[in-house]
Amino acid sequence: MKNKNIEPVPQEAQETVRSSILSALASGPVSAKEISGLVGIPEKEVAAHLEHIHLSLHRAGKRLIVQPAECVKCGFLFEKRERFSKPGKCPVCKSESIHAALFSVEAPA
Ligand SMILES: [Zn+2]
């Protein structure tokens with residue numbers, strides 16, 4: 001028999017996290033690391049929430065703005081990369097000094 005209580009994170013908590021992330025984005029632009037600090041979740045979980053928020057915003061006729069991560073050393077832009085996760089190092093110059101991607105929400109027209 002299935003037990004629904006073994007869900008690791010309750011749905012309500014997910015919703016709370018997402019609305020906190022949305023308010024961070026509204027006052028943004030913010031990086032995943034800043035969102036992690038503001039909302040109190042691990043940085044690696046921020047990307048998954050951003051994916052979800054991206055879709056909900058799209059349905060609401062708004063847009064999640066992503067300023068791509070950029071290599072500090074050579075200026076390479078991580079535009080084609082999985083958009084919400086943090087790159088480890090630059091494919092061009094191998095530098096690990098990467099400006100994190102910044103996220104914000106397009107103001108409703
Ligand atoms: Zn580089």
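Going by the structure above, here's the rest.
Below is a short write-up of the structure. (Residues numbered from 1 in each chain as written. Predicted model: local features only at pLDDT ≥ 70, side-chain atom pairs only at ≥ 80, totals over all residues.)

**Looking at the overall build of the protein**
Thought 1: From N to C terminus, the protein includes three helices and five strands.
Thought 2: Each helix and strand of the protein, placed in order from N terminus to C terminus, yields the pattern α-β-α-α-β-β-β-β.
Thought 3: A total of 109 residues make up the protein; the buried ones form 17% of that total.
Thought 4: At a minimum sequence separation of 6, the contacts of the protein that also span at least 24 residues come to 54%. (Helix = DSSP H or I, 4+ residues; strand = E, 2+ residues; numbered from the N terminus. Buried ≥ 20, exposed ≤ 12 C-beta atoms within 10 Å, placed from the backbone. Contact = placed C-beta atoms within 7 Å.)

**A look at the sheet that holds strand 1 (residues 30-31)**
Thought 1: Across the sheet, which stays open at both edges, the three strands sit in the order 1-5-2 with antiparallel pairing between neighbours. Looking at which strands have only one partner, the edges of the open sheet turn out to be strand 1 and strand 2 (64-67).
Thought 2: Pairing of strand 1 with strand 5 (residues 102-105), which is carried by two bridges, proceeds in the antiparallel orientation. Bridge pairing links V30 to F103 in strand 5. (Pairing = 2+ DSSP bridges.)

**Here we look at the pairing of strand 5**
Thought 1: Judged from the four bridges that link them, strand 2 and strand 5 form a sheet pairing that is antiparallel. Pairing of I65 across the sheet is with S104, part of strand 5.

**Things to note about the packing of helix 1 (residues 11-26) against helix 3 (residues 43-59)**
Thought 1: Where helix 1 meets helix 3, the closest approach of the two axes is 10 Å, and the angle between their N-to-C directions is 80°. Put simply, helix 1 runs roughly perpendicular to helix 3. Along its contact with helix 1, which presents V17, R18, I21 and L22, the element helix 3 presents H49, H52 and I53.
Thought 2: Here the residues of the contact of helix 1 with helix 3 sort into four nonpolar, two polar and one charged. (Axes fitted to C-alpha atoms, helices over the stretch in contact; angles between N-to-C directions. Parallel < 35°, antiparallel > 145°, perpendicular 65-115°, else oblique. Nonpolar A, V, L, I, M, F, W, Y, C, P; charged D, E, K, R; others polar.)

**Considering the environment of A47**
Thought 1: Positionally, A47 belongs in helix 3.
Thought 2: Separated by 15 residues in the primary sequence, A47 and A32 have C-alpha atoms spaced 7.2 Å apart.
Thought 3: In this view, A47 contacts A32, F84 and S85; residues no more than four positions away in its chain are not counted.

**Examining the packing of helix 1 against helix 2 (residues 32-39)**
Thought 1: Running from amino to carboxyl end, helix 1 crosses helix 2 at an angle of 125°, the nearest separation of the two axes being 10 Å. With respect to helix 2, the element helix 1 is oriented oblique. Here helix 1 runs over helix 2; the crossing is right-handed. Where helix 1 abuts helix 2, its residues V17, S20, I21 and A24 lie against I35, L38 and V39.
Thought 2: Per-class residue counts for the contact of helix 1 with helix 2 are six nonpolar, one polar and no charged. (Left-handed = near helix turned anticlockwise from the far one by under 90°.)

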